[in-house]
Structures are given as C-alpha cells and as structure tokens.
Amino acid sequence: MATEQIKNDASETSLALEALAKGHFGNIPPKLIAEAVTWTTQDADWPVRRAALEALARRYGFAERDHVQIGKRPAGRSPLGIYRVGSRAKRGKSASGKSYELALLGVAPLRVSCACADFVRSSLGLCKHSLVVLDALHKRGALKVPAGKPVTPDRKPKLVWFHQQPLTGPADRLSRLELLGGGKASWPASFQQGRPVARLLRTPETRLHFVAELQQALARGRLDAEPAVVTLLAEERTRAERIAQSVADTKAALGTLRKLRRKLYPYQREGVARFLGAGSLLLADDMGLGKTTQAIAACHALFNIGRVQHGLLVVPAALKSQWKREWDATTTAPLTVVEGGPAERAQLYARRARGFLVIGYEQLLRDFAHVQRFAPEMVVLDEAQRIKNWETKSAAYVKALQPRYRLVLTGTPMENRFPELASIMDFVDDVALEPKWRLLPWHTLSQGDGASGVSGARNLDTLRTRLAPVMLRRIRKEVLSQLPARTDTRVPVEMTEPQRERHDELKRPIASLIELSSRRGLRQPEFLRLMQLLTTQRMICNGLAQLDFETEWPRCVQSGQATPALLNTLFTPKLAALRELVSDVVISQERKAVVFSQWRNMLRLSEWSVRDLLEQAGLRAAFFTGAESSKQRERAIVELHDDPTARVLFLSDAGGVGLNLQRAASCCINLELPWNPAVLEQRIGRIYRLGQTLPIDVYNLVTNEGIESRIAQLVANKRAVFSSLFDGTTDEVRFEGGSSFLDGVKKLVDGAQAPLSVGDGDSDEAELSIEPLEQPRAPAASAQPGQQPASDASTPGFVDVSTALSRLSLSRLPDGGVRIDAPRELAAPLAELFEGFAKSLRGIASPP
C-alpha cells in the first residue's frame, strides 16, 4: 500500500474514533482518546480498535460510579509527576476501594503508568484512575508541559514496561520490560541492550531469580521503576514462586501414584504430571477419558506428600455419591461427603480433620463461610461449565475461593462462546486470556457483507498458544486404541400433515420478531414470545402428543397399550420410530439403551409407547430425571447395571449430566437434537467413555422438515469453533451454510452474552459485552459472595431474561415443593417478565 494511502486510512480511523468518543469522556478531548487508542492498537484492525475505545468508555463510567478522585498531585506547576488516586468515601461509609500511585510521564505522546492491576492487565495504556487525572487536568486547562522540561528524568536506571500485549504469539509480560538511563555499568547483569536475557525467562526457577533481583535492586534504591512495574513484579513473583514449588514437588508426588488402587493409563499419568507441575490446570479431556480418575490421583499425590491438608471437591449435587464410589476405588486418602442439615454440615467443616470434602455447587453458596474457615489448599471443580457465566452465584463464590492448587474439569470448556472459556479461565489463571476486551473482536470473524453477526473464528493459533501452559485436552482419537468403536446414525422421521400445519402457522410471527430484532433490541414480552414460538416448533417436531400432552396423555393411559391405530391419531411419528429401535436393539440384540429428551413429557410418552414390547419380553424401563427422588434415581442406576431385566433408562439432560453408564449400556437414543452440540456429546458421553468394552451405537431421531433440520445445521456450526480451537491446527474457521440462522435465531434464543468481571477488585469491567457507544449502558457490578450484580438494560422496558433467570435460586422443600429465591432488585423485572408470560399464555388459550 502506498504511503499516502496508509496516511489516509490512519486519518479516517482517527476521525471515526473521535466521533465515537464524543460525549463519553467528560472534559477529555475526543482527539486525545482517539490518539491513545490508535497507539495502543497498532497493527490491529477496526473491530479491535473500536473495542478498545468502548473498553476505555466503560472505565470512565466505572470511575464515575466508584467516585474516583485525586488525593495527591505533583508539586509545582507541571502536570507531570506522581499522583495518588482512589475511590472517595460515600456519605456515612468508609472508602470502598484502594488508592494507587499513578505517574503521568508524558503528554505528547501521552504516557501514563498506574499501579492498579487493571492497568497492568488491560493493554490499554489507560485505566479509570488515569482517566480521572486527565479529565481533571483538561477541566482546569492545565495539561501543558513547560518548554524544555524533560519528560523522563534519567538520573539513575529506570525500569519501564510496554503495556501492549502482542496480538499474536506467546504473551510473556516480563519480556516487555526495559531498563533505560543511568549508564549500562550500573545495570543488573540480567539485562543486555535494555531487554531481559531470554534464557532467564524460560523456567520458573530462573524467572523467580530474575524478578527477585529486580525487586531487591528497587528496594535498595539502585533502580527506579514506573508504578505499573512494581505491581507487575509482585504478581509475577507470586506466580513464579507457586510454579517453582510445584515443579520441585512433582517427582515425589508422582512417586506416590504407585499406591493407587487403580492403574493409570499413560495419558492419564501425563495429565496428573501436568497438573502437579503447574499447580493450576484446566483439564478439558474429551468425555469418557477419565478426568475424574486423574483428579483423584492428583489429590492422592498432593495429600501423601503433605502439600494438601484440606481439599475441597465441588461437584453437581447428583454426582456426590458417584465421586465417593470412584474415590474409594482409586485411593485411600480420606474423603467425606458433606450432607445433612445446617448444624450437621457446620460440624463437618469445624472438625478440620486432614482430608477432602465433597460438596455441591448449591452447598458452596449456603456454606461459604464454613468453607472459608475450612481453608482448602486444593479445590477441584467438576462439570466446571457451571461457572461459565460470570453473573451466576456459583461463579462468584467459586472465584472468591483462594486455594493454592486448582484443578478444573470439563469436557466442554466453551460452547462456541469465548466469554464462557474466559470465565472458567478466571479461576484457573486470570491473566492467560488478558486483555479480555480484545478477546471477542480479535478472535471472531464478522460477516463480509457488512451485516452484524459472527461468521466464524480467527487467530486460533494465538489462543491455543496462550492456553497451552494452563490447559490440557486429549481427544478420543489420540487414545483410540483404548476405546471402542462408535457409530452415529440419523434416523429420519417424516412430519405428519397436522404437524406441518401447526409448525408452519408459527413461521410468520417468528419472522416478524426476527425482522424486528434487526431494527432494535426485543423487549421482554417480545423476546419471551419468540422463545415460546421456537420451543413450540421444536415440540411439534417431536409430536403433537407432546404439544397437547394434557389432553392426549389421558387417552394413552386409558388405552394402556400403544396400538398402531392410537399411535396414528397422536401424530407423533417419533414414537413409532422408537418402537422399532427398541424392538431391534433392546429386544432382538439383547442390549441396554439410554433414551434422552429435553422434555420429561416426551420421555413419559416414549416409555408408554414401548412398555408393551418390553413387558412381552419380560423386560422393563426406568426414569432418571429431575422429577425422581435421589433414592429412586440411585435405584434406577443400580438396576440398569445389575438387573438383566432393566434394559432401558429414560433420561433428561438435567438428570443425565455426569452419569457413568459405560458398564451398563451400549446404545444411546436421542429423541431430539439439542441446540447445543456440547449437550449432545454429554448425552453420548454417558456410555461412550473409558471402561466401555462394547461397540456403541448412537441414534438421533430427526424430523426431516421444520426447525429440526435447521438445528442440525446449527449443531454442526457450533461444533466448528470448538473442534478448531481445542482439537485442530487451523488458525481460522468459517461456518458452513451461511450464518443467518446462527446470527439471528440463535442469539435470540440464547439471550445476551454475559459480560465478564475483570480488574483490580475495585472496578468491574464487562470486557466481553461489546455495546455500541451510541447507546451507552450502565455497567453491571460484578457478583460477590452475598451480593448480585445490578440489572443492566440499554432500552426502557427491556429485561435481560438470561441474566434475571440466572440470579434465581431454586431449592427443593421437604414436602416436595420448590422454593424460588430472588434478590429484591429483581422484583420489578420479574414482575414484568411474569406479566408478559401470563399475557402470552392467555393469548394462546383464547379461542381463535
């Protein structure tokens, strides 16, 4: 590109950034903000630059919200020098945040350094504290540098740090340190030509020595440093000490694995070694490869070398007993399942005996104070997708724990959403994916026709590189010799004419709502209506008997048997298809099968439809859903394993998460495809996992016409990013078949993406929620234990349904009822939601 063209492009970018900055930075000139963004996003494209500007605008909003003020200014008339900036105390309360040292080092070009963690991590070159200083100086017209005054005195060597995180490749923060001034004779030996010697950053031991040397030189006054450098060195020393200790312990810890009751496969031993050497790891092995066994082995090792006295396993409540069984089959280390009433649980925590506790995510919320006093040195999270949404209580309470060792287990670290991965990584390693504001714009592909929406992912090599030190994932094909064969079969089901009519009646209102959403955000009743219409279409694809369950189920019960004539009048052809599968696989082949559906009513219809076939063969089925008691579910699992007449288990998605059925069944039947490919793989992973000795078959019942065919394409698209990032080597992936359904219907069904909380503890940056500056939104406060984020709406009358529902707490009462708890600030939004829901239902119930 010609030089003149480059200048024109840069000028156009600056003008566009200036226009966006107007009205969002108080007294700070938009041109100054545009120049700062242009400088800090060198080599980046427009999506990244716009995201940087929006990130700065959020920080200015946080400064206003937190009442940030200047406490100390430089002496003299020059604006250059050291400031002290922090949050002002509210009336009747003490100051809610810390104060930080900030250095204004230059004006043209603008150079700032702040000791807050957000400055060190954000790669923006500015933070809320520096924006307050600039705003105050511009308000007074004081941002001028006297002629001839040097910007940076060079009386002795000074450590400076370049804040910009590279767009690609590895991201070693220490490699961006430089030593300037004072004469090289006075420099520490670890520097040559201004940069650290590369070999000093290769191992935890050499990194620790390097950082300690610099901190010692600063303490003795032999060096000066910018404020950000002091914070950076403190963070890096803590990390280096932790990792160096883990590396030193690894050999002895691995030696204890000889005492395990269960032999590890080579790749499982490798997984344990990776965790022991890092001290913190996201173990994202494909489903069925024994993540539970590896976690137990890691606990065994650290307990037996004395590094862990108290450990905590946080798992879905339904899996606590399963973890206990697996634990006892693997190690002799003590494990206690936390159960009983509040008083009984309190006694368990208070004993503080050496060993491990296993609790549910809901128990962590209720017992958080006790867990803190228990002070676990190690925390294992199972099914860690529970913390993929930063706004949930589970995520907030888990991230409030501060264990020395952190092992996170999930086969689905992300489900086509980078924010979900970032939320999980916040607990594993909170700097691995920094800066978060850049994650979406730099790693997603926009549609080429100028339309809004995402058409794929990019720069995945960089993401893999930065995740590699703290994430380990092995896929089935890497250990295929240890796993049986799997066959996936799509079972096509023809839609009946009554189904087609009911399905197509909903096309026009759905299209109207989607068209409306392209012009403005949907209001709560509109969003709820769209959700209802799409769900109704999915139920119609399953069959009219499910849609009209209240009227059709009595007919089924009264008949007692699924005759061909009755099945025809139910207009639910999937039931006939299921009968054929059960007759072939379960009865003729004498195999056991699990049958999945999102809806329990569909499972009830399915069990009724095959009951006569099973009874004639002397067989029976069982249920494992959220409706059964824990004793009923436990009995169903035991009988599926041990009773030869128990051949079929009907499972819901909620009931089936985490179950290990590889020694019980060899066939999986999906009555419908879920929206989410991770959910589909979770279903299959119940039987297709380590320990399965038989070839397995997966049958997916798919109605050929209507919304289910689009779901099939959606599932394929959503698999694309996951496979490319974690299982592939390509740097870019594009979705097949266009993205109109993905970008339109999917976003509305899934709801708004939840922003993530980042920063230094006194600011809550929603870095992954990209909002246009033309429609500023109030920042949401991050969830803390015992506190929930404030609601956040960009247009009057809009309720973020996904956020509202995620903040509800549901619990089962002793009499079988359900209790719903919600924070007071959600009363009005929920009232509006339920009023809209009631209105929609009344509209459906009213005769035409």
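Conventions adopted
- Residues numbered from 1 in each chain as written.
- Predicted model: local features only at pLDDT ≥ 70, side-chain atom pairs only at ≥ 80, totals over all residues.
- Heavy atoms only, no water.
- Helix = DSSP H or I, 4+ residues; strand = E, 2+ residues; numbered from the N terminus.
- Contact = heavy atoms within 4.5 Å.
- Areas by Shrake-Rupley, 256 points an atom, 1.4 Å probe, with all protein chains shown as cover.
- Salt bridge = Lys/Arg side-chain N within 4 Å of Asp/Glu carboxyl O.
- Axes fitted to C-alpha atoms, helices over the stretch in contact; angles between N-to-C directions.
- Nonpolar A, V, L, I, M, F, W, Y, C, P; charged D, E, K, R; others polar.
- Pairing = 2+ DSSP bridges.
- Phe/Tyr/Trp six-rings, centres within 6.5 Å; stacked < 30°, edge-to-face > 60°.
- Buried < 20%, exposed > 50% of the residue type's maximum accessible area, 1.4 Å probe, protein only.

(A) Structural detail: the overall build of the protein. Across its full length, the protein carries 32 helices and 27 strands. Sequence-distant contacts in the protein: of pairs separated by 6 or more residues, those separated by 24 or more amount to 71%. Total accessible area computed for the protein in this model is approximately 37,000 Å², and 52% of it derives from carbon and sulfur atoms.

(B) Just the pattern of salt bridges, in detail. Enumeration according to the criterion identifies 41 salt bridges in this entry. Between Asp367 and Arg345 there is a salt bridge, with the nearest N and O atoms lying 2.7 Å from each other. In this pair, Asp367 sits in the loop between helix H12 (361-366) and helix H13 (368-374) while Arg345 sits in helix H11 (residues 342-351), placing the two residues 22 residues apart along the sequence. Among the ionic pairs, Arg555 bridges to Glu552, the shortest N-O distance being 2.5 Å. With Arg555 and Glu552 both in helix H22 (residues 549-559) and three residues apart, this pair spans about one turn of that helix.

(C) Representation of the packing of helix H7 (residues 227-255) against helix H8 (residues 266-278) in the model. H8 packs onto H7 with a crossing angle of 140 degrees between their chain directions and a minimal axis gap of 6 Å. Contact with H7, carried on its side by Arg242, Ile243, Ser246, Val247, Thr250, Ala253 and Leu254, involves Arg269, Val272, Ala273, Leu276, Gly277 and Ala278 of H8 and no other residues of that element. Here the residues of the contact of H7 with H8 sort into eight nonpolar, three polar and two charged.

(D) The arrangement of the sheet that holds strand S4 (residues 110-114) in detail. Spatially, the four strands line up as an open sheet ordered S1-S2-S3-S4, and their pairing is antiparallel. Looking at strand neighbours, the two that pair on one side only are strand S1 (68-72) and S4, the edges of this open sheet. Averaged over all neighbouring strand pairs, the angle between strand axes comes to 35 degrees, with direction disregarded. By the bridge criterion, four bridges tie S1 to strand S2 (residues 81-87) in an arrangement that is antiparallel. By the bridge assignment, Gln69 is partnered in S2 with Gly86. Here helix H5 (residues 128-140) sits on the sheet and contacts S1, S2, strand S3 (99-107) and S4; the angle it forms with S1, its principal contact strand, is near 75 degrees.

(E) Quick peek at the packing of aromatic side chains. Inspection of every chain in the model, using the stated rule, returns eight aromatic pairs. Pairing Trp327 with Phe356 gives two aromatic rings, centres 5.1 Å apart and planes at 55 degrees, and the pair type is tilted. Of this pair, Trp327 sits in helix H10 (residues 320-328) while Phe356 sits in strand S13 (residues 355-360), and the two are 29 residues apart along the sequence. Given the relative accessible area of 2%, Phe356 is considered buried. Ring geometry for Phe368 and Tyr397: centres 5.0 Å apart, planes at 85 degrees, overall edge-to-face.

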